[in-house]
Amino acid sequence: MSTSPSAKEVTLELIERLEDDVTFEDIMYELHVLKKIEHGQKDAEEGRTVPHDEVKERLDQWLT
């Protein structure tokens, strides 16, 4: 059973990757993006996705 890294571990890894002159806003943005990715991955794992063909149909309806 693999365990996901904790939020603290992910944050520390992010901080280590960023440049020394990073701003608080940059850090907050990066954390926001990581959280959105995490939510998307969880949604996909739990089957909460929309098939590609359905997305294309919806876009066609919205754009006409």
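The notes below deal with the structure included here. In this text, all values refer to a predicted model and were calculated from it rather than measured experimentally. (Residues numbered from 1 in each chain as written. Predicted model: local features only at pLDDT ≥ 70, side-chain atom pairs only at ≥ 80, totals over all residues. Heavy atoms only, no water.)

## Considering the overall build of the protein
- When its secondary structure is counted, the protein shows three helices and zero strands.
- What you see in the protein, going N to C, is helices and strands ordered as α-α-α.
- Relative to its length of 64 residues, the protein is extended, with a C-alpha radius of gyration of 17 Å against a globular reference of 11 Å.
- Counting only C-alpha atoms and orienting by the principal axes, one finds that the protein spans roughly 45 × 35 × 10 Å.
- For the protein, with 64 residues in total, the buried portion stands at 5%.
- As presented, the protein carries roughly 6,200 Å² of accessible surface, and 54% of it is formed by carbon and sulfur atoms. (Helix = DSSP H or I, 4+ residues; strand = E, 2+ residues; numbered from the N terminus. Rg over C-alpha atoms; globule rule 2.2 N^0.38 Å. Buried < 20%, exposed > 50% of the residue type's maximum accessible area, 1.4 Å probe, protein only. Areas by Shrake-Rupley, 256 points an atom, 1.4 Å probe, with all protein chains shown as cover.)

## Structural notes on the pattern of salt bridges
- Per the counting criterion, the structure on display carries four salt bridges.
- The salt bridge partner of Lys35 is Glu38, with a shortest N-O separation of 3.0 Å. Of this pair, Lys35 and Glu38 both sit in helix α2 (residues 24-45), three residues apart, roughly one helical turn.
- A salt bridge links Arg58 to Glu54, with the shortest nitrogen-to-oxygen separation between them at 2.7 Å. You can see Arg58 and its partner Glu54 sitting in helix α3 (residues 52-63), four residues apart, about one turn around the helix.
- On the accessibility criterion, Arg58 (35% relative accessible area) is partly exposed.
- When salt bridges with common partners are traced through the structure, they connect Asp43, Glu46 and Arg48 into a single cluster. (Salt bridge = Lys/Arg side-chain N within 4 Å of Asp/Glu carboxyl O.)

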